[in-house]
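# A look at the structure
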Amino acid sequence: MKKRILIDATTVSDRFDGLSQYIINLLKNFPDAAFEKFEFSVLINKGVNNAELGELLSAGKFKVIQEKIAPIGPRRDIDMFRFSRKYKGKFDVFHSTSNQYPIFIKNGIATVHDITFERYFDEGWDKLQIARNYLRMVIKKALSCAGSVIAISQSTKNQLIETYGSIEGIENKIDVVYQGWEHVAVDLNKIKIEEQNNYGKYFFYVGTTRKHKNMKKLLEAFCLSVNDLPNINLVLSGSDSYLDKEDLKTIASINKSGERVIFTGYVSKDKLQSLFRNSYAFIFPSLSEGFGLPV
């Protein structure tokens, strides 16, 4: 009888983001030989509408289970507990693909992308020590309860050992498995590079407005340099919805004589590749990353 492996894809969202892409690439690149030895099931969230994931799962290689599971936080632990009770004994190995490994599952595979929360916490949350303590508890449980731990970089592994080194056997339990890059490899000879005349010559940034992404200093630096860079704009892939008043004031100062800071909003994967290819330079100002897919 084949070993039954359940892969957790409940953190795949409707939109193209780093974690969703990581999970989809993992599923997409399973070798055919693996299906001869193991039976794979994929747990997805009810109602998720990700076209790439849907197309991948429709091929029929994976069994699909749909349940309502919160992506993060204590609610996720409750949902996963209910799920494990419902499917008790149905799987031999649980493979967690996000930082939040279910705290009560033994001998599964845990994935740790980073422990950025140990150094940088988003505004508002930084005053809630209980939130940091909760995330710390989740990582400790993963390192203790999982049979194997995947770190996405040597840096992440080093940080885990340095921070949680008192956990017995931790060094031998963690394996470094890098994020794949093949999915962004393109043959430029076969692709017509789009012109981005509406953006002109530009620096490019992709990421969220979370504290460790360091957008605040990026905006401040561009503000200081804008008069010395009269022909270069700053294009940011994403939304300005969560910027604070200081950031909005900085942007207003830069744009007072014309739009120099441009937010694209959410863009498709093809559009994102075009933004990378046509930029004058890519800027990656993060204070901390597990690895950083944009690199």
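Let me sum up the structure you'll find in this document.

Rules of the game
The residue numbering used here restarts from 1 in each chain and proceeds along that chain's sequence as written. In keeping with the predicted nature of the model, local features appear solely for residues at pLDDT of at least 70, side-chain atom pairs appear and are counted solely at 80 or more, and the whole-chain, interface and lining totals rest on all residues. Note that the side-chain values use all heavy atoms of the structure and ignore hydrogens as well as water. Secondary structure elements are taken from DSSP: a helix is a run of H or I of four residues or more, a strand is a run of E of two residues or more, and numbering for both begins at the N terminus. Our radius of gyration looks at C-alpha atoms and nothing else; its globule reference is 2.2 Å times the residue count to the power 0.38. The buried label goes to any residue with under 20% of its type's maximum accessible area, the exposed label to any with over 50%, and the partly exposed label to all in between, with areas taken from a 1.4 Å probe on protein chains only. The contact rule is simple, with two residues in contact once any of their heavy atoms fall within 4.5 Å. In short, Shrake-Rupley with a 1.4 Å probe defines the accessible areas, and a residue's cover is counted only from the protein chains shown. For the purposes of these results, a polar contact is taken to be a pair of N or O atoms within 3.5 Å, where, inside protein, one atom must be able to donate a hydrogen and its partner to accept one; residues adjacent in sequence count only when each atom of the pair is a side-chain atom. In this analysis, rings of Phe, Tyr and Trp, with Trp reduced to its six-membered ring, are considered paired at centre separations within 6.5 Å, and the interplanar angle assigns stacked below 30 degrees, edge-to-face beyond 60, and tilted for intermediate values. Two strands pair if DSSP finds at least two bridges between them. Axes, fitted as lines to C-alpha atoms, cover a helix only where it is in contact. Angles between the N-to-C directions of the axes lie from 0 to 180 degrees. Between the first and last residue of a helix there are one fewer steps than residues, each counted as 1.5 Å, and that sum is the expected span. By arc we mean the arc of the directions from the helix axis to the C-beta atoms, nothing more.

## Overview of the overall build of the protein
Across its full length, the protein holds ten helices and eleven strands. Taken over C-alpha atoms, the radius of gyration comes to 21 Å for the protein, in line with the 19 Å a tight globule of 295 residues would show. Principal axes of the C-alpha set define a box for the protein whose edges measure 65 × 50 × 35 Å. Counting all 295 residues of the protein, 42% fall into the buried class. A separation threshold of at least 6 residues defines the contact pool for the protein, and within that pool the share at least 24 residues apart is 70%. Here the protein displays about 16600 Å² of accessible surface, and carbon together with sulfur accounts for 52% of that area.

## Overview of the environment of Leu 57
Take Leu 57: it is sitting in helix α3 (residues 51-57). Placed 29 residues apart in sequence, Leu 57 and Lys 28 show a C-alpha to C-alpha distance of 9.2 Å. Residues within four places of Leu 57 in sequence aside, it is in contact with Val 42, Ile 44, Phe 62 and Val 64.

## Looking at the environment of Lys 2
Looking at the secondary structure, you find Lys 2 in the segment before β1 (3-8). Residue Lys 2 is classed as partly exposed on the basis of its relative accessible area of 40%. If sequence neighbours within four positions are ignored, Lys 2 has contacts with Phe 35, Glu 36, Lys 37, Phe 38, Glu 39 and Asp 92. Among the polar contacts made by the side chain of Lys 2, one reaches the main-chain carbonyl oxygen of Phe 35 at a distance of 2.9 Å.

## What to know about the packing of aromatic side chains
Applying the stated criterion across every chain, the model contains 18 aromatic pairs. Geometrically, the ring pair formed by Tyr 87 and Phe 91 is tilted, given 6.4 Å between the ring centres and 35 degrees between the ring planes. We classify Tyr 87 as partly exposed; its relative accessible area is 21%. Of the residues examined, Phe 91 reaches a relative accessible area of 22% and is grouped as partly exposed.

## Here we look at the sheet that holds strand β8 (residues 201-206)
The strands making up a sheet associate through hydrogen bonds between their backbones, and the pairing can be parallel or antiparallel. Taking strand neighbours across the sheet as the criterion, the four strands line up as β10-β9-β8-β11 in an open arrangement whose pairing is parallel. In the strand order of this sheet, the two ends are held by β10 (261-263) and β11 (281-282), each with one partner. Pairing of β8 with strand β9 (residues 232-237), which is carried by six bridges, proceeds in the parallel orientation. Residue Phe 204 lies in a different strand from β9, and its bridge partner there is Val 235. Across the sheet, helix α10 (residues 269-278) lies against β8, β9 and β11, angled at about 130 degrees from β8, the strand it touches most.

## Structural notes on helix α4 (residues 74-86)
Between its terminal C-alpha atoms α4 stretches 19 Å, which fits the 18 Å expected from 13 residues at 1.5 Å a residue. Every buried residue belonging to α4 is among Arg 76, Asp 77, Asp 79, Met 80 and Phe 83, and all of these are buried. Here the buried residues of α4 occupy an arc of 165 degrees about the axis, which is enough to place them on one side. Seen from the buried face of α4, the exposed residues on the opposite side, beyond 90 degrees, are Pro 74, Arg 82 and Arg 85. Residues of α4 that are buried make contact with β1, β2 (38-45), β3 (63-67), β4 (93-95) and α5 (129-145).

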